[in-house]
Amino acid sequence: MYEHKRDALAALVEVSADGLAVLDAQLCFACLNTAAARLLGADAVELVGRPAPFAPDPTKESVRWSAGDGRQRELEYRIAPLPDGGHAVWFRDTTDIRRQQGRLTAIARAASSVAEAYSLPATLDAVAREIVMSPGISAVQILSVDDPTDLRVLGMAGFGSAPDFVARLRACRQRGAHVRFLDAFNSCKPVVELHRKPLVMSDPVWEPLQEIMDRPDWDAFVAMPMIVRGRPVGVINAYYRPGEDPGPGSLAFLEAMADQAAVAVDMAALLAQTRDRAQSAERRRLARDLHDSVVQQLFSMRMQAKVLRRQLDRPDIDHASVRRSAEELAELAAGALADLRLLVFELRPVDLAEHGLVAALRAHAASMRARTGLAIDVRAPAELRFRGGQDVQEDLYRVVSEALHNVVKHANATSVTVSVAAEAPDLVVRIVDDGTGGMDDGSPRSRERLGLMSMRERTERWGGRFEAGPCRQRGWVVQAAVPLRRVGVEPSL
């Protein structure tokens, strides 16, 4: 009966998919099952007598082991003492599990970078750093490809500084080098090249790039196309450490990262289009303002100057009439000068760059108050401070400027309140007037749609929310809310 149980236990140990081993008092292998030898990458007979990597330390649960093929493996283990001074060990290979966990974490962090960053190089540098932190990858390049002759490095990790990479690559292509990542771009399919580095380093056509390509320790190469909305926009080049062949899990990881990078490139292109539209709308508005104010005032000045000249040409000069004409001409000139100063200020408000959003809004409100007589009250807490975020502050300034412009032109209002407040997690800017009319009631304010579109685009490009509509009692409210982190304001304020 005892012999039967012992044989059954031995068979159970042998068929186990996990590694089982007995260590002697010196922590050397005494015996181990077939799975243990397979996980350790060596023959069981060769392992007997060799020091084991497992320490009888209750604080340690994993260890790295260099298998017979030179690859590093992550082994999770449990160890228990035996009566004779030796130890029993159970272990399994968790390398692929941990790599998959690391890849999923990298994908999540890359997605966060794409969602939050608004600088394309900064975003894709972050994506490149996440990829190169993945086990087995030594270096990464992220390139945009507008056409085979127009390449740009958008992100790089593992090569050090290489600002002339594209120029050197162009020299290699002129020598006849076959650039494999262009095959991936053109076919929209990944390209996998094992033992690529020896070929690059030994071929004279790659000589201009060999110094850069020799910096990281790599062997295999993968080019993964970046595809968005069915079209390729670039490629991710991943360089694998020697002995690390790109398997299905690694390729799936690169494909997911390429998707994130492609979204970032597409978002940047859409943002550039939005900026162009906003700039065009701003130019049209300035042209309208010039026509409605300065141009008409200059025309009136010209007519007044003609009247003054005719008065001066008369033999019997009426000095009182000449004086009145001169005073009217001076008033017209002063008004035109004030309007021109306002338009110049709106093009690039000095207070915004020097003192921040609130100071620029107060200066703009004072200028409009003096010009139009509209009572404008700008409210903001004294402790509100901005650090950086100059572009988003300018967009918020433009939102307020456009809203006030609409109030003057269409609202028939007597007063406006502009408030700026940190209402975590957003910085909220509100413009409330006491005018009349809504967007769909047939009033002149229905002509504000283009301006509202511009204000919405300026807000949403920073991940914000834009709302506009009639107040409950009377008037109109415009509200732009942008995440505090985008404008450099602490949420605690």
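Scope of this entry: the structure provided in the associated data block. (Residues numbered from 1 in each chain as written. Predicted model: local features only at pLDDT ≥ 70, side-chain atom pairs only at ≥ 80, totals over all residues. Heavy atoms only, no water.)

## Thoughts on the overall build of the chain
- Secondary structure assignment for the chain yields 16 helices and 15 strands.
- Taking as baseline every contact in the chain between residues at least 6 positions apart, the subset at least 24 positions apart corresponds to 58%.
- In the structure as shown, the chain presents an accessible area of about 25,400 Å², 54% of it carried by carbon and sulfur atoms. (Helix = DSSP H or I, 4+ residues; strand = E, 2+ residues; numbered from the N terminus. Contact = heavy atoms within 4.5 Å. Areas by Shrake-Rupley, 256 points an atom, 1.4 Å probe, with all protein chains shown as cover.)

## Looking at the pairing of strand β9 (residues 220-228)
- Judged by how many residues are buried, β9 sits mostly within the fold: 8 of 9 residues are covered.
- The sheet contact formed by strand β8 (residues 191-193) and β9 spans 3 bridges and is antiparallel. Within the sheet, the bridge partner assigned to E193 lies in β9 and is F221.
- In terms of strand pairing, β9 meets strand β10 (residues 231-240) through 9 bridges, oriented antiparallel. Counted as the bridge partner of V228 is R231 from β10.
- Between β9 and β10, which follow one another and run antiparallel, lie 2 residues, and R229 among them has a positive phi close to 50°. (Buried < 20%, exposed > 50% of the residue type's maximum accessible area, 1.4 Å probe, protein only. Pairing = 2+ DSSP bridges.)

## Digging into the packing of helix α13 (residues 357-372) against helix α14 (residues 390-411)
- Between α13 and α14, whose axes approach to 10 Å, the crossing angle comes to 20°. Judged by the angle between their axes, α13 and α14 are roughly parallel. At the point where α13 passes α14, the crossing takes the right-handed sense. In contact with L357, A360, L361, H364, M368 and T372 of α13, α14 contributes Q393, L396, Y397, V400, S401, L404 and V408.
- Grouping the constituent residues of the contact of α13 with α14 by class yields 9 nonpolar, 4 polar and no charged. (Axes fitted to C-alpha atoms, helices over the stretch in contact; angles between N-to-C directions. Parallel < 35°, antiparallel > 145°, perpendicular 65-115°, else oblique. Left-handed = near helix turned anticlockwise from the far one by under 90°. Nonpolar A, V, L, I, M, F, W, Y, C, P; charged D, E, K, R; others polar.)

## Notes on the nonpolar core
- If you look at the biggest cluster of nonpolar residues, it comprises 38 residues, and the most contacted ones within it are L361, I376, L396, L404, V418, L427 and I431.
- Listing elements by their share of this core, those giving two or more residues are α13, β11 (375-379), α14, β12 (415-423), β13 (426-433), α15 (449-460), β15 (476-483) and α16 (484-487).
- Looking at this core, the element that brings in the most residues is α14, giving 9 residues.
- If we skip the residues at most four places from it in the chain, L427 touches L357, L384, F386, L396, V420, A421, A422, A480, A481, V482, L484 and V487.
- Membership of the second largest hydrophobic core comes to 29 residues, among which are M156, F185, V205 and F221. (Core = buried A, V, L, I, M, F, W, Y, C linked by side-chain atoms within 4.5 Å.)

## Examining empty space enclosed by the protein
- Considering all chains together, one arrives at 2 cavities of 30 Å³ or more under this definition.
- By volume, the largest cavity is sized at about 150 Å³.
- R196, W206, M213, F221 and Y239 are, among the 15 residues lining the largest cavity, the residues nearest its centre.
- Contributions of two or more residues to the lining of the largest cavity are made by α6 (165-174), α7 (180-187), α8 (196-202), α9 (207-213) and β10.
- Per-class residue counts for the lining of the largest cavity are 11 nonpolar, 2 polar and 2 charged. (1 Å grid on protein atoms, 1.4 Å probe; cavity = no way out; pocket = protein on both sides within 12 Å on 5 of 7 lines; lining within 4 Å. Points joined across faces, edges and corners; volume = space filled by probe spheres on them.)

## Quick notes on the packing of aromatic side chains
- Counted according to the given criterion, the structure contains 6 aromatic pairs.
- An angle of 80° between the planes, with centres 4.8 Å apart, marks the rings of W218 and Y239 as edge-to-face. Of this pair, W218 sits in the loop between α9 and β9 while Y239 sits in strand β10; the two residues are 21 residues apart in sequence, bridging distant segments of the chain.
- The rings of F29, F54, Y77 and F91 are connected pair by pair, giving a single aromatic cluster. (Phe/Tyr/Trp six-rings, centres within 6.5 Å; stacked < 30°, edge-to-face > 60°.)

## What about helix α5 (residues 120-132)?
- Between its first and last C-alpha atoms α5 spans 18 Å; for 13 residues at 1.5 Å apiece the expected length is 18 Å, and the two agree.
- Those residues of α5 lying buried are L120, T123, L124, A126, V127, A128, E130, I131 and V132. (Expected span 1.5 Å × (residues − 1).)

## Quick notes on the sheet that holds strand β14 (residues 465-470)
- In space, the 5 strands of this open sheet follow the order β11-β12-β13-β15-β14, with mixed pairing throughout. Because the sheet does not close on itself, it has two edges, and the strands there are β11 and β14. Across the sheet, the mean angle separating the axes of adjacent strands is 10° when strand polarity is ignored.
- Both β14 and β15 contribute to a ladder of 6 bridges, which runs antiparallel.

## Focus: α6
- Those residues of α6 not exposed but buried are F165, V166, L169 and C172. Mapping the buried residues of α6 onto a view down its axis gives an arc of 115°, with all of them on the same face.
- Positioned one or two residues after α6, G176 has a phi angle of 105°, which is positive. (Arc of directions from axis to C-beta.)

## Comments concerning the side chain of D433
- Residue position: D433 is located in strand β13.
- Polar contacts involving the side chain of D433 include one to the main-chain amide nitrogen of G435, which spans 2.7 Å. (Polar contact = N/O pair within 3.5 Å; in protein donor to acceptor, adjacent residues only side chain to side chain.)

## Concerning unusual backbone geometry
- The omega angle of the peptide bond from A424 to P425 is 10°, so this bond is cis rather than trans.
- Examined against the element boundaries, P425 turns out to sit in the loop between β12 and β13.
- The backbone of C188 sits at a positive phi, close to 60°, despite the residue not being glycine.
- Examined against the element boundaries, C188 turns out to sit in the loop between α7 and β8.
- A relative accessible area of 29% means that C188 is categorised as partly exposed.
- Backbone geometry at H195 places phi at a positive 55°, although glycine is not the residue there.
- Accessibility expressed as a relative area gives 49% for H195, which makes it partly exposed.

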